[in-house]
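# Chains, contacts and geometry: an overview
Given next are the chains, with one letter for each unit.
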Amino acid sequence: MQKAIKIIIIIFIFSLAFFINFLLLTDKDSTIIQKVIAAQLYLLVIFGAAYFWGVTGALIVLIGAVVSHGILLYKEPGVLVIRQEPWNHLFPVGLLLFNAMLITAITKLITLQIQAKSDVALQRQLQEDREQLRKLTQTCENLKKDLLHTSSLIITVANFAKKVNLAELAVPEHDETTKGNKRVSAIVNVTIESLAKSPNTKYCAVYLFNPHLNLLERKGSAGTPLHEEPPDKIPLGEGLLGRVAETRQTMRYEWSSKDSWQTAGGKTWLTEVTFAIPILYQNQLHGAIYLEKSGVEFQDERLISETIAGFVGLALENSAVFGRSEQMAITDGLTKLFNHNYFMLRLNEFFQAARRYNNALSVIMIDIDHFKVYNDTNGHPLGDIVLEEVAYLIKSNTRETDLAARYGGEEFGLILQQTDLSGACVVAEKIRAAVESHRFHNEEKQPNGNLTISVGVATLTEHTSSAEQLLKDADEQLYMAKHSGRNKVCAQSIG
């Protein structure tokens, strides 16, 4: 299609040149000026051909114009009457030829200049393209690094969330003195492990808030500090961690001796940064996280670390709530001693352990003498106060490892681990004497003139078949104490 259009345009130009020659040579009144004008028309046609088809097109049009001029001038067709002399036509033809050669030369020169400029522009464009490609490659590398970094942080948070949820619900060994601490320790250990495995972490530590001392205490750490290691205990307001705990705001410290660099996306990557994040739950301070990292983007790290700190705060709060709920489930609401169910559960566990490891185990049963009389005389509110005071005296005269419980009504039970019969009798007598010497309200109205207790003691022997048997032996001794005058300790005979 394009070839056909070009052929039609060339035929049109040849026809136009022939028509100009026809008018020029057949008009007897034509002058030199008219001949020059006609020659200039040739130039326009040749220039148009040169513009569209280059030097080759211009030469073809020039040849066509000269040939058509010669045909009309020398062949003398019958329809034409040539009145001019041949030399009269040399000027416009010569001018035509000169201008055609000049235009051709100029066209060639312009073409060469344009080509040279195009080569320079092309080289410049190629250089700019290479620079753009380099920048784009660098940007892609930065984005790749950002993406890998962010992905690893997201994975870290996801894994941490799963682990900390398991840690806060972990059921440790039955030990009422350290149970809460074990659950908190599990949360701290999971936090330290997750932080230590996060990208570019050099050192991390977890501090918990001690409200009684109003300071932070370090509960765990991992890694090697880039600079000086923070102390184990930090009062609120002192140092980076102390200020973070006091203000409840994340803070950072960048080591000025180190450089940082910025990506095409505008993120600033620090070669060294130390920052601390408060561990909060509903703006209640639980502690703080201390981190030292290198080669990180602070805003990303801050977001991830604050998310982790939020999980830790929630886990610690859940642990505290769970601990309180668990404590309520095993504690007598009035006396704050353990309840009957928990007493029986632990008695079975201690019995099995004593049997397995051949350890001593003793049980003490306590009953308040004439407690019904006291209630009937003074009323149940004062009776409840007596129960609380007796429970306090029992707890005050036993070890941390001894388990004291309200067995039921006015009865109390004690489990003494690694304690033989003689040791248990010493404890029983100590408690009996403490209650006897204590002054209770309106105790003078009691049958004996004061409020007392009766105590039965039994210990594990080779004949004790079960925990229930051990409890039954102690209960029988209590029965003997009550029916042999009360306010005394009776112990089983193991001879």
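Going by the structure above, here's the rest.
Residues numbered from 1 in each chain as written. Predicted model: local features only at pLDDT ≥ 70, side-chain atom pairs only at ≥ 80, totals over all residues. Heavy atoms only, no water.

### Comments concerning the pairing of strand β2 (residues 215-223)
Moving residue by residue along a regular strand, the side chains alternate between the two faces of the sheet. Cut-off, in case you're wondering: Strand pairing is defined by DSSP finding a minimum of two bridges between the two strands. Helical segments are the DSSP runs of H or I of at least four residues, strand segments are the runs of E of at least two, and each set is numbered from the N terminus.
For strand β1 (residues 201-210) and β2, the ladder comprises eight bridges, and the chain directions are antiparallel. Bridging from a neighbouring strand, Phe209 pairs with Leu216 of β2. The hairpin turn running from β1 into β2, its antiparallel successor, is four residues long, and Asn214 in that turn takes a positive phi close to 55 degrees. Bridging between β2 and strand β3 (residues 233-235) involves three bridges; their strand directions are antiparallel. Bridging from a neighbouring strand, Glu217 pairs with Lys233 of β3.

### Details of the side chain of Asn375
The condition is simple: Two residues qualify as a contact provided that any one of their heavy atoms is within 4.5 Å of a heavy atom in the partner residue.
Within the secondary structure layout, Asn375 lies in helix α8 (residues 371-378). Ignoring any residue separated from it by four or fewer positions in sequence, one finds Asn375 in contact with His380 and Gly383.

### Considerations on the side chain of Thr191
The following threshold applies: Only protein chains enter the area calculation, which uses a 1.4 Å probe; residues under 20% of their type maximum are buried, those over 50% are exposed, and those in between are partly exposed.
As for its position among the elements, Thr191 is in helix α4 (residues 179-197). Owing to a relative accessible area of 1%, Thr191 belongs among the buried residues under this scheme.

### A few points about unusual backbone geometry
You will see that Asn283, though not glycine, has its phi angle at about 65 degrees, which is positive. Topologically, Asn283 is positioned in the loop between β7 (273-281) and β8 (284-293).

### Some words on the packing of α8 against helix α9 (residues 380-396)
Condition: Geometry is summarised by axes, namely lines fitted to C-alpha atoms with helices restricted to the contacting stretch, and by angles between N-to-C directions that run from 0 to 180 degrees. Orientation categories follow fixed angle ranges, with anything under 35 degrees roughly parallel, anything over 145 roughly antiparallel, 65 to 115 roughly perpendicular, and all other angles oblique. Gly counts as polar in this scheme, as do all residues outside two lists: the nonpolar Ala, Val, Leu, Ile, Met, Phe, Trp, Tyr, Cys and Pro, and the charged Asp, Glu, Lys and Arg.
The contact between α8 and α9 brings their axes to 7 Å, and the two run at 140 degrees. The orientation of α8 relative to α9 falls into the category oblique. The segment α8 lies against α9, with Phe371, Tyr374, Asn375 and Asn378 engaging His380, Leu382, Gly383, Val386 and Leu387. In terms of residue class, the contact of α8 with α9 is made up of five nonpolar, four polar and no charged.

### What about the nonpolar core?
Under the convention used in this document: As used here, the term nonpolar core means buried Ala, Val, Leu, Ile, Met, Phe, Trp, Tyr and Cys residues forming a set that is joined through side-chain atoms within 4.5 Å.
Within the largest apolar cluster, 27 residues are counted, with the highest numbers of intra-cluster contacts made by Ile364, Ile366, Ile368 and Phe412. Broken down by secondary-structure element, the contributors of at least two residues to this core are β10 (361-368), α8, α9, β12 (411-417), α10 (421-437) and β13 (453-459). Residues within four places of Ile366 in sequence aside, it is in contact with Ile394, Glu410, Glu411, Phe412, Leu414, Ile431, Ile453, Ser454, Val455 and Leu478. Residues Met344, Leu361, Leu403 and Ala474 belong to the second largest nonpolar core, which totals 22 residues.

### Points about the environment of Thr224
Relative to the elements of secondary structure, Thr224 occurs in the loop between β2 and β3. The exposed category is assigned to Thr224, whose relative accessible area is 60%. Thr224 sits 68 residues away from Glu292 along the chain, and the two C-alpha atoms are 9.2 Å apart. Every residue in contact with Thr224, bar those within four places of it in the chain, is listed here: Lys202 and Tyr203.

### Some points on the sheet that holds β10
Spatially, β11-β12-β10-β13-β14 is the arrangement adopted by the five strands of the open sheet, whose pairing is mixed. Each edge of the sheet is formed by a strand with only one pairing partner; in this case those strands are β11 (403-408) and β14 (489-491). Shown here is a sheet whose adjacent strand axes are inclined to one another by a mean of 20 degrees, direction ignored. As judged from the seven bridges shared by β10 and β13, these two strands associate in the antiparallel manner. The residue of β13 that forms the bridge with Ile368 is Ile453. Set on the sheet, helix α7 (residues 340-357) makes contact with β10, β11 and β12; between it and β11 the angle comes to about 130 degrees. Relative to β13, α10 is tilted by about 170 degrees, and along the sheet it contacts β10, β12, β13 and β14.

### Quick word on helix α5 (residues 239-247)
When we look at burial in α5, the residues that qualify are Leu240, Leu241, Gly242, Val244 and Ala245. Count one or two residues on from α5 and you reach Arg248, which has phi positive near 60 degrees.

### Quick word on the packing of aromatic side chains
Heads up, the rule is: Only centres within 6.5 Å qualify two rings of Phe, Tyr or Trp (six-membered ring in Trp) as a pair; their planes then separate them into stacked at under 30 degrees, edge-to-face at over 60, and tilted for everything else.
Going through the model one piece at a time under the given rule, you end up with three aromatic pairs. Arranged with centres 6.0 Å apart and planes meeting at 70 degrees, the rings of Tyr203 and Tyr290 form a pair that is edge-to-face. Here Tyr290 lies in strand β8 and Tyr203 lies in strand β1, a separation of 87 residues in the sequence.

### Examining α9
Applicable threshold: Each residue after the first adds 1.5 Å to the expected span of a helix. Relevant arc is that of directions from the helix axis to the C-beta atoms, nothing else.
Taking 1.5 Å of rise per residue, 17 residues should cover 24 Å, and α9 covers 24 Å from first to last C-alpha, within 8% of that figure. Within the span of α9, buried status applies to Gly383, Val386, Leu387, Val390, Ala391, Leu393 and Ile394. In an axial view of α9, the angular spread of the buried residues amounts to 160 degrees, which keeps them on one side of the axis. Projecting away from the buried face of α9 at angles above 90 degrees are the exposed residues Pro381 and Tyr392. Looking at the buried side of α9, the elements it contacts are β10, α8, β11, β12 and α10.

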